[in-house]
There are 2 protein chains.
Amino acid sequence: MITLDEKFRALEAENAPGQEVRQDLRDVKVIMLGEKLDGAVVDFSHGDVDAFPPTPGSDVAWKDDFGKGAKQAYTEYRGAAEIRNSLADRLSKFIGTSISAEKELIIAPGTQGALFLALGVTVTVGTKVAVVAPDYFANRKLVVFLGGEVVPIPLYYKDSQSEKGIDLHLLENAFESGTNVFVFSTPNNPTGLVYSRAVITKIAALASNYNVTLIVDELYSRMLYSGEDYTHLCSLNVLPENLITIIGPSKTESLSGFRLGVAFGTTKLIDRMERLQAIVSLRAAGYNQAVLNTWFQEPLGWLENRICEHETIRDEILKVFRAANLETACPQAGSYLFPQLPPLKVDLITFVGLLRYQANVIVTPGTEFDPACIDSIRLNFSQDHDAAVAAAKRIVKMVEIYSK
Amino acid sequence: MITLDEKFRALEAENAPGQEVRQDLRDVKVIMLGEKLDGAVVDFSHGDVDAFPPTPGSDVAWKDDFGKGAKQAYTEYRGAAEIRNSLADRLSKFIGTSISAEKELIIAPGTQGALFLALGVTVTVGTKVAVVAPDYFANRKLVVFLGGEVVPIPLYYKDSQSEKGIDLHLLENAFESGTNVFVFSTPNNPTGLVYSRAVITKIAALASNYNVTLIVDELYSRMLYSGEDYTHLCSLNVLPENLITIIGPSKTESLSGFRLGVAFGTTKLIDRMERLQAIVSLRAAGYNQAVLNTWFQEPLGWLENRICEHETIRDEILKVFRAANLETACPQAGSYLFPQLPPLKVDLITFVGLLRYQANVIVTPGTEFDPACIDSIRLNFSQDHDAAVAAAKRIVKMVEIYSK
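Figured I'd write up the structure that's included with this text.

Basis of the calculations
- Each chain has its residues counted from 1, following the order in which its sequence is written.
- For naming, the first written chain is A and the first written ligand is 1, with later ones following in the order written.
- Owing to the predicted nature of the model, reporting of local features is limited to residues with pLDDT of at least 70; listing and counting of side-chain atom pairs is limited to 80 or more, with chain, interface and lining totals taken over all residues.
- Heavy atoms from the whole structure form the basis of all side-chain values; hydrogens and water molecules are not counted.
- Where helices and strands are cited, they refer to DSSP runs of H or I of at least four residues and of E of at least two residues respectively, numbered from the N terminus.
- Stacked, tilted and edge-to-face pairs are distinguished by plane angle, under 30 degrees for stacked and over 60 for edge-to-face with tilted covering the rest, among Phe, Tyr and Trp rings (Trp via its six-membered ring) whose centres lie within 6.5 Å.
- Two thresholds decide whether a charge sits over a ring: the Lys NZ or Arg CZ must be within 6 Å of the ring centre and within 35 degrees of the ring normal.
- Should any heavy atoms of two residues lie within 4.5 Å, those residues are considered in contact.
- Buried area: the accessible area, evaluated with a 1.4 Å probe, that two parts lose upon being put together, summed over both parts.
- Note on definitions: salt bridges are taken to be side-chain nitrogens of Lys or Arg within 4 Å of carboxyl oxygens of Asp or Glu.
- Pairs of N or O atoms within 3.5 Å make up the polar contacts considered here, provided that, within protein, one atom can donate a hydrogen while the other can accept it, and that residues adjacent in sequence are counted only when both atoms are side-chain atoms.

Details of unusual backbone geometry
Then step 1. Here Ala133(A) and Pro134(A) are connected by a cis peptide whose omega angle stands at 0°.
Then step 2. You can see Pro134(A) is positioned in the loop between strand E3 (128-133) and helix H7 (137-145).
Then step 3. The step from Thr186(B) to Pro187(B) runs through a cis peptide bond, and the omega angle for that step is 0°.
Then step 4. Here Pro187(B) lies in the loop between strand E6 (181-185) and helix H9 (197-210).
Then step 5. Phi is positive for Asn325(A), close to 60°, though the residue is something other than glycine.
Then step 6. Following the sequence through the fold, Asn325(A) ends up in the loop between helix H12 (302-323) and strand E10 (336-337).

Structure follows, in structure tokens:
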């Protein structure tokens, strides 16, 4: 049995995105090579909501609901019925399925909150959980916290790899040998890879065959770049009995400051997720829930424009990295880039510290997403265009300085 | 090992406060005796923030922070440093101790969120946790969720009981036989009992002796009625090595709609709580954190007035219940009453359903706080004065109708 000491060592969060301010940079000052590189700080650890502001009207929606008083301060744990009702309609249209607002949907404090609830009701001591490597850092860590066993499923995402996606044979092997739950994000965080329709269909069929619970994180599915297709697993015909899809307005819509996420799927699991929410956070902040009323009904052209602006930044940074021979897959959706670095004179964590201290660039080490990714860094390029491109050039410069 | 099915049966939330709208009332319609009782709906399951509105300026504080943009949308997981700094000063003054904003304090999504974090980092499979009966419903349920073992410690709170408070001999026995953690609320929820200085001092000494982790929920400690004294355990001289105190602005200040809570204490535990927050909800909603800037610096006289208004309601409802021979302890703090009902023709859950259907009164069954409390109901009397007193009279009338 894992002890609390072991558990919380495994949950170390010093290098998690957004926590950089707590790191001690004294060590890197001593080993720095050359001079500091000029340039405004760019924090690629998360999107910049000043560059891409929250959905128009989100603050007005909040204020209206605050004005409603008691009714909105204390909602059902799964969220205010009125808000769930209209949201379920719009989500159903987007996904291409039919979601019952009453039985199949829960509002959580953030998409991460929804992910925690989904794993919290399906994973206990000894549960085998297939986790993609690399994938969102909380997937792996939540399984450890809950006492489950991580079964890693490698993701092929590099341009040098002939076939993209997860290894379906390994996945079937895992399902055959007692894996109970499979959790994954598509678009994948940190690589931006979108699982193809063929792969999604096969995952659903396998889960149905082996009675595996699926938890599908679609957080970035709205920000789909030109020429790309997206398949919502829950819209297929053959589905497993236990399926939860999660999504939220924190990314494309820049509403992260409100901590709102949504999960929908199997009634029994949603019921349990509400029971769990009843003891860990009660509900998503009451007044904030109202901001969901702006979601999936943004002003005409707003989404297209936002995608287009991100695509421009994506392409320019890709050009910078590829010109410097940093192997970087082109994200099909979302706002993450995951370049691979050449062998360096310092380890990854030190290099990330140097990037921050010497080059005013904050990135997240690949090891947050897969302990084996000791040569990659993740950038959220939802940033001011010019600042981001300049910072990408500084990353290239730093790689030159510290290359072996 | 407890299975997921067993675990979530134990976490049943149908009768949890605020969830009444999800209950099916068809059954009680059939067995109802007599006519419906007239009167406006009073929802005693939680406070009415229309009757006692949020702290003045809370919405303005929110709007100011929303205007700060990125800086406030993504804070450290433990909360924005600036907000923690000034809050730690004011909290230290209130508590009579010194709290390091940098190392000893974390902002969580609600006081319940803080409680979850505190138990989440101290309880794992097999951990023995002493839990007071009755006490806040989530204490017991969180221990079950985390795989721990509940060691119940009875609370003597009735006027008919000669000595008030927990049984310290039983507590010491529990500590002697391997209890690792003790969690309790003072003022107690649901009874309003404030642990005396002697009891608090003894608890701290015992925990120090037996190396037991203490988690002290002081959520209601600001709403202290005239003539009462309150001892903050963490301000004593002899303390255990591991101690977390939790408090929040959801009750006295009516800020529940913002989901804000605070935990402070042992650095190592606060660090771990942040690691856990990093994977379950990231942080308290960014913009909402600003509302903490209004806390412990309300307008002059605001707190005294709020306490005074609650004391009036407390005394009037007590008079109504006691005149009808419903044994009800006088709460020393907080806004809960926990009257005991005489033997009824129906079980407690049915009676609570009848109260809602027939009398327009929503209360929480005592079994939420202690499975053995099958003859008590909890009322949050932070309500409109006249409506609350009228509803209390309807409860008395309903008890008459259904008495054996």
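Let us keep going from here.
Describing the packing of aromatic side chains
Then step 1. If you walk through the whole model with that rule in mind, you get 38 aromatic pairs over all chains.
Then step 2. Arranged with centres 4.7 Å apart and planes meeting at 45°, the rings of Trp295(A) and Phe296(A) form a pair that is tilted.
Then step 3. By the ring-pair criterion, three or more aromatic residues cluster together here, those being Trp62(A), Phe66(A), Phe258(A), Tyr287(A), Trp62(B), Phe66(B), Phe258(B) and Tyr287(B).
Then step 4. Its end group placed over the ring of Phe145(A), Lys7(A) keeps NZ or CZ at 5.0 Å from the ring centre.
Then step 5. Here the guanidinium or amino end of Arg314(A) rests over the ring plane of Tyr225(A), the centre of that ring lying 4.6 Å away.

Some remarks on the interface of chain B and chain A
Then step 1. Taken together, the 76 residues of chain B in the interface contact 76 residues of chain A.
Then step 2. With both sides pooled, the region where chain B packs onto chain A buries about 6200 Å², and carbon together with sulfur makes up 60% of that total.
Then step 3. Contact with chain A buries surface across chain B, with Arg22(B), Tyr74(B) and Ile279(B) losing the most and accounting together for 13% of the total.
Then step 4. Counting the contacts that link chain B with chain A gives four salt bridges.
Then step 5. Its salt-bridge partner being Arg272(A), residue Asp5(B) comes within 2.6 Å of it at the nearest N-O pair.
Then step 6. Applying the counting criterion to the chain B and chain A interface returns 26 residue pairs in polar contact (both at pLDDT 80 or more).
Then step 7. Of all elements in the fold, only helix H1 (4-10), helix H3 (58-67), helix H4 (70-73), helix H6 (111-120), helix H7 (137-145), helix H10 (267-280) and helix H11 (286-289) of chain B reach the threshold of two or more residues within the side of chain B that touches chain A.

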